[in-house]
Amino acid sequence: MAGEPQADCLFCKIVSGDVPATIVRETETTVAFRDINPQAPCHVLVIPRAHYPDGAALATAAPEVAADVLREAGEVAAQEKVDGHGYRVVFNTGAGAGQTVFHAHAHLLAGRGLTWPPG
Ligand code: 5GP
Ligand code: ZN
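These notes cover the structure that comes with them.

Each value, and the rule that gives it
Residues numbered from 1 in each chain as written. Chains lettered and ligands numbered in written order. Predicted model: local features only at pLDDT ≥ 70, side-chain atom pairs only at ≥ 80, totals over all residues. Heavy atoms only, no water. Near = heavy atom within 4 Å. Polar contact = N/O pair within 3.5 Å; in protein donor to acceptor, adjacent residues only side chain to side chain. Areas by Shrake-Rupley, 256 points an atom, 1.4 Å probe, with all protein chains shown as cover. 1 Å grid on protein atoms, 1.4 Å probe; cavity = no way out; pocket = protein on both sides within 12 Å on 5 of 7 lines; lining within 4 Å. Sits in = over half its atoms within 2 Å of the grid points. Helix = DSSP H or I, 4+ residues; strand = E, 2+ residues; numbered from the N terminus. Nonpolar A, V, L, I, M, F, W, Y, C, P; charged D, E, K, R; others polar. Expected span 1.5 Å × (residues − 1). Contact = heavy atoms within 4.5 Å. Patch = residues over 30% accessible without salt bridge, like charges linked within 9 Å, V, L, I, M, F, W, Y side chains within 5 Å. Salt bridge = Lys/Arg side-chain N within 4 Å of Asp/Glu carboxyl O. Buried < 20%, exposed > 50% of the residue type's maximum accessible area, 1.4 Å probe, protein only. Donors = N, O, S within 2.8 Å, 3.2 Å for Na, K, Ca; no water. Tetrahedral: all angles 85-135°; square planar, octahedral: opposite > 155°, others 65-115°.

Moving on to the site of ligand 1. Around ligand 1, the surrounding shell holds 15 residues, and the nearest of these are R34, D35, G98, T100 and H107. N92 places a polar side-chain atom, nitrogen or oxygen, 2.9 Å from an oxygen atom of ligand 1. For ligand 1, an oxygen atom lies 3.0 Å from a polar atom in the side chain of H105. For ligand 1, whose free accessible area comes to 520 Å², the fraction covered by protein is 83%. The cavity that encloses ligand 1 is the largest pocket. Elements represented by at least two residues in the shell around ligand 1 include exactly α1 (10–16) and β2 (30–34). Taken together, the residues that form the shell around ligand 1 break down as six nonpolar, seven polar and two charged.

In structure tokens form, the structure reads like this:
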């Protein structure tokens, strides 16, 4: 069922605590943790606790939780003190765009110059 934990999903295992992660913030609906392979000095992933394959599926099925994820990206940016300079929030969607984990997640990237357009 949509939103239910998936046995083979890495991020569901981080939500359940079966896979460890460096968690920076948690809410009732979201978890934010440091990316294991950071692409910027600040690189945090914000995920819904519930499993949806990507950001659009999340926003379709649970728009209030999609809003929680976006708001949390801002809260983490403030906590990490990168909100003043600016930060980027990215949802890679589909393998061709670099998505490797098919549990919706927002990348929060900051702490270095971020060129536009991204690669
Ligand atoms: P995607 O490529 O799907 O947009 O992003 C997945 C992200 O998850 C990648 O940036 C990758 O470094 C990160 N990642 C993959 N495995 C782990 C893990 O076990 N722990 C953490 N903290 N991050 C992971
Ligand atoms: Zn999942």
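What follows picks up the thread again.
Before going further, it helps to spend a moment on unusual backbone geometry. Residue P117 is reached from W116 by a cis peptide bond, and omega for that bond is 0°. Of note in this structure, K81 is not a glycine but carries a positive phi near 60°. Of note, K81 is situated in the loop between α3 (63–79) and β4 (88–90).

Turning next to α3. When the terminal C-alpha atoms of α3 are compared, their 24 Å separation across 17 residues agrees well with the 24 Å that a helix rising 1.5 Å per residue should span. Tucked inside the fold, the buried residues of α3 contact β1 (23–26), β2, β3 (42–48), α2 (55–61), β4 and β5 (106–110). Remark: K81 follows α3 within two positions and exhibits a positive phi of approximately 60°.

Among the surface-exposed residues, L70, Y87 and V89 lie close enough to one another that they form a single nonpolar patch of about 250 Å² accessible area. With respect to the helices and strands, V89 occurs in strand β4. Judged by its relative accessible area of 33%, V89 is partly exposed.

Within the protein, C9 (SG), C12 (SG), H51 (ND1) and H103 (ND1) serve as the donor atoms for the zinc ion (ligand 2), at 2.0 to 2.3 Å. Between the four donor atoms coordinating the zinc ion (ligand 2), the angles at the centre fall across 108 to 115°, so the site counts as tetrahedral.

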